[in-house]
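Listed below are the residues making up each chain.
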Amino acid sequence: MSNRKRSTALALASALAGSAVLLAAPAARAAVVDVAYDCKTPIGDKSAVSPIDIKAVKEGDGYKLTMSFQKGVSSSPIELGKGAMNPSAVIVVGGAEKASVPVSGPPNPEAAPANTPIKITDLSGTYTPKKSGKVTFTAGVLTIKAMGTTTTCTPGNGPGPSLELDVTAAGGGGAPAGDEDGDGTLPQTGPTDSALALGTLGGTVLLSGAAGVLWLTRRGRQARS
């Protein structure tokens, strides 16, 4: 092989390998979203706005979700002692699949003074996707139980997602990447674009380094014969 052909083959193999890495990288977009809660409390209707942050960490086949409140959203006319309040909520999943993920957290670690916005502890739960693709996570209904009473707070401003994430279902649920019509098959490729097709199928198929050069060289020789 001439130096020029060897350089061309190496450059092409390197470019394809780079494409495979980029395609495999997970995509995520997070934002702190202001959620306007309308609360039904034992002493009447209340409202408050709290910025909500949702994070996801991969754990096994699922994702651990953590929902954080940056401001309190309700208050009590009397002091709530340490451990008197138990919060829980729902995170609404949209996009590739529709689901609701229950999240909960520990009771208040410190006493909450009367008529003071109550700090909600971080709430967490597990989301196990049944379909692969891009999903969104949005704050849903918040429930606060304290001293035998229940306060229900519903987002009233149609908040946007706090997190957008590419997820993978166990067993690869959903249509394969590149299957635009969802029929379970990938687009067919001809001789002229077979090298590019290998690049999009991932590093397990794409040969890199010397092996990749040999594959490209042999293919070139076959085309000339």
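This section reports on the structure supplied with the text. Computed from a prediction, not measured in an experiment: that's the story for all the values here.

1. Side note on the side chain of T41
Then step 1. Structurally, T41 is set in strand β2 (residues 33-41).
Then step 2. Only 2.5 Å separates the side chain of T41 from the backbone oxygen of G44, close enough to count as a polar contact.
Then step 3. Excluding residues that lie within four positions of it along the chain, T41 makes contacts with K46, S74 and T151.

2. Some thoughts on the nonpolar core
Then step 1. Within the largest apolar cluster, 33 residues are counted, with the highest numbers of intra-cluster contacts made by Y37, M67, F69, Y127, F137 and L142.
Then step 2. Taken together, the elements giving at least two residues each to this core come down to β2, β3 (44-59), β4 (62-69), β5 (85-95), β6 (99-104), β7 (123-127), β8 (133-146) and β10 (163-167).
Then step 3. In terms of residue count, the dominant contributor to this core is β8 (six residues).

3. So, the pairing of β6
Then step 1. As paired elements, β5 and β6 share six bridges and run antiparallel to each other. When the sheet's bridge partners are listed, V90 is paired in β6 with P102.
Then step 2. Hairpin geometry of β5 and β6 is characterised by an intervening segment of three residues between the two adjacent antiparallel strands.

4. Some remarks on the environment of A31
Then step 1. Assignment of secondary structure puts A31 in the loop between β1 (28-30) and β2.
Then step 2. Between the C-alpha atoms of A31 and P161, which are 130 residues apart in sequence, the distance is 7.7 Å.
Then step 3. In this structure A31 touches I52 and S162, once residues within four positions along its chain are discounted.

Conventions we followed
- Residues numbered from 1 in each chain as written.
- Predicted model: local features only at pLDDT ≥ 70, side-chain atom pairs only at ≥ 80, totals over all residues.
- Heavy atoms only, no water.
- Helix = DSSP H or I, 4+ residues; strand = E, 2+ residues; numbered from the N terminus.
- Polar contact = N/O pair within 3.5 Å; in protein donor to acceptor, adjacent residues only side chain to side chain.
- Contact = heavy atoms within 4.5 Å.
- Core = buried A, V, L, I, M, F, W, Y, C linked by side-chain atoms within 4.5 Å.
- Buried < 20%, exposed > 50% of the residue type's maximum accessible area, 1.4 Å probe, protein only.
- Pairing = 2+ DSSP bridges.

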